Amino acid sequence: MDLSFNRFDRDTELTVLPPDLAVLMVGVTARQAASLTAAVQAGLVRAAPDPSLFAPLDGAFNGPMARALTQWRAGE
């Protein structure tokens, strides 16, 4: 778990970015989206992944370890 984010503090001054930066970022994003590389990558889209990859047979990432932990927790 990453807890390195800054927490919101009402006592600190907010940083305002210059509007030119927003315009620059939008321009860069638009140029990247219109690039030949982006067009080729969009054409490489494959079929949807196999749903069984996201639903393991054991119902857990590591079935044997999940069973061992369950048995240990039950005191067996």
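Residues numbered from 1 in each chain as written. Predicted model: local features only at pLDDT ≥ 70, side-chain atom pairs only at ≥ 80, totals over all residues. Heavy atoms only, no water.

S.K.: Residues and numbers for the overall build of the chain, please.
M.R.: A count of helices and strands for the chain gives three helices and zero strands. In the chain, the order of α-helices and β-strands from amino to carboxyl end is α-α-α. Taking all 76 residues of the chain together, 3% fall into the buried category. Per element, the accessible surface of the chain, about 7800 Å² overall, is 63% carbon and sulfur. (Helix = DSSP H or I, 4+ residues; strand = E, 2+ residues; numbered from the N terminus. Buried < 20%, exposed > 50% of the residue type's maximum accessible area, 1.4 Å probe, protein only. Areas by Shrake-Rupley, 256 points an atom, 1.4 Å probe, with all protein chains shown as cover.)

S.K.: Just give me the short version of a nonpolar patch on the surface, but keep the residues and values in it.
M.R.: Nonpolar side chains collect at one region of the surface, where Leu17, Leu21, Leu24, Met25 and Val28 lie side by side and expose about 440 Å² of accessible area between them. Looking at the secondary structure, you find Val28 in helix H1 (residues 19–33). Residue classification places Val28 among the partly exposed positions, given a relative accessible area of 33%. (Patch = residues over 30% accessible without salt bridge, like charges linked within 9 Å, V, L, I, M, F, W, Y side chains within 5 Å. Salt bridge = Lys/Arg side-chain N within 4 Å of Asp/Glu carboxyl O.)

S.K.: Residues and numbers for the confidence of the model for the chain, please.
M.R.: Detailed reading of predicted coordinates is not advised where the pLDDT is low. Residues at a pLDDT of 70 or more form 80% of the chain, whose mean pLDDT is 77. Within the chain, H1 carries the highest mean pLDDT (88), whereas helix H2 (residues 36–43) carries the lowest (83). (pLDDT = per-residue confidence, 0-100.)

S.K.: An account of helix H3 (residues 63–74) is requested, with residue identities and associated values reported.
M.R.: Between its first and last C-alpha atoms H3 spans 17 Å; for twelve residues at 1.5 Å apiece the expected length is 16 Å, and the two agree. Count one or two residues on from H3 and you reach Gly75, which has phi positive near 85 degrees. (Expected span 1.5 Å × (residues − 1).)

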